[in-house]
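Each chain is listed here by its residues.
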Amino acid sequence: MFKALITATVLGLAPLVAVADEMADVISDQLRAFQKRDVGTAWEYASPMIQGQFFDPRTFAHIVEQGYGPIWNNATVRFGMNMVQDGRVIQTVIVTDQTGQTQGYEYDMIETDAGWKVNGVRPIDVADVAV
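Note that the structure is a prediction, hence the values are computed from the model and not measured.

A.B. asks: What's the story with unusual backbone geometry in this structure? I'm lost.
C.D. replies: Backbone phi values are negative for most residues with the exception of glycine, while trans is the configuration of most peptide bonds. For Arg37, which is not glycine, the phi dihedral falls at a positive 60 degrees. Mapped onto the fold, Arg37 is located in the loop between helix H1 (2-35) and helix H2 (39-44). Even without being glycine, Phe55 reaches a positive phi, approximately 70 degrees. Within the element layout of this structure, Phe55 appears in the loop between helix H3 (48-54) and helix H4 (57-67). Look at Phe55 and you get exposed, because its relative accessible area is 67%.

Right, here's the structure in full:
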């Protein structure tokens, strides 16, 4: 019975792990695009709401470069916990830039017909990030 319970629990968590992996892939791909200064590709990972706010990839790139330096100049990334909060999926990420500056972020992720998209990013204290 105990073995069956463990199996059921693990199988029940499998979809959550797959979703977490998909979201991490989207964030990682967007960060790689920023490293390469491939703003068009980075833009594709932004949600329709973000694209509507910033109108075009150039404006989006300017906002990221000016306001989210560690993301724009990212060198290493570590993923923390993800959670559902007020109906949104939040993924915590620790980004270290090329100068060694480390910053924590909460990525607000949404699922669209085109897959997972970044719907917003908010800086948080690194001490608040559970890994």
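A.B. asks: I would appreciate a short explanation of H4 in the present structure.
C.D. replies: The periodicity of an α-helix, 3.6 residues per turn, causes residues three or four positions apart to be oriented the same way. Where H4 is concerned, the buried positions are Phe60, Ala61 and Val64. The arc that holds every buried residue of H4, seen down its axis, measures 100 degrees, which confines them to one face. For H4, the exposed residues lying more than 90 degrees away from the buried face are Arg58, Gln66 and Gly67. With a side-chain oxygen lying 3.1 Å from the backbone nitrogen of Arg58, the N-terminal cap of H4 falls on Asp56.

A.B. asks: So what exactly am I meant to see when it comes to the pattern of salt bridges here?
C.D. replies: A side chain of one charge can pair with a side chain of the opposite charge if their charged atoms are brought near each other. One pass over the full model with this rule turns up two salt bridges. The partner of Asp29 in a salt bridge is Arg32, with the nearest N and O atoms 2.4 Å apart. Of this pair, Asp29 and Arg32 are both found in helix H1, three residues apart, which corresponds to roughly one turn of the helix. The partly exposed category is assigned to Arg32, whose relative accessible area is 41%. In this structure, the salt-bridge partner of Glu106 is Arg122, at a minimum N-O distance of 2.6 Å. Placement of Glu106 in strand S3 (residues 102-112) and of Arg122 in strand S4 (residues 115-124) is noted, with a sequence separation of 16 residues between them. By relative accessible area, which is 13% here, Glu106 ends up buried.

Reading guide: rules and limits
- Residues numbered from 1 in each chain as written.
- Predicted model: local features only at pLDDT ≥ 70, side-chain atom pairs only at ≥ 80, totals over all residues.
- Heavy atoms only, no water.
- Helix = DSSP H or I, 4+ residues; strand = E, 2+ residues; numbered from the N terminus.
- Buried < 20%, exposed > 50% of the residue type's maximum accessible area, 1.4 Å probe, protein only.
- Arc of directions from axis to C-beta.
- Polar contact = N/O pair within 3.5 Å; in protein donor to acceptor, adjacent residues only side chain to side chain.
- Salt bridge = Lys/Arg side-chain N within 4 Å of Asp/Glu carboxyl O.

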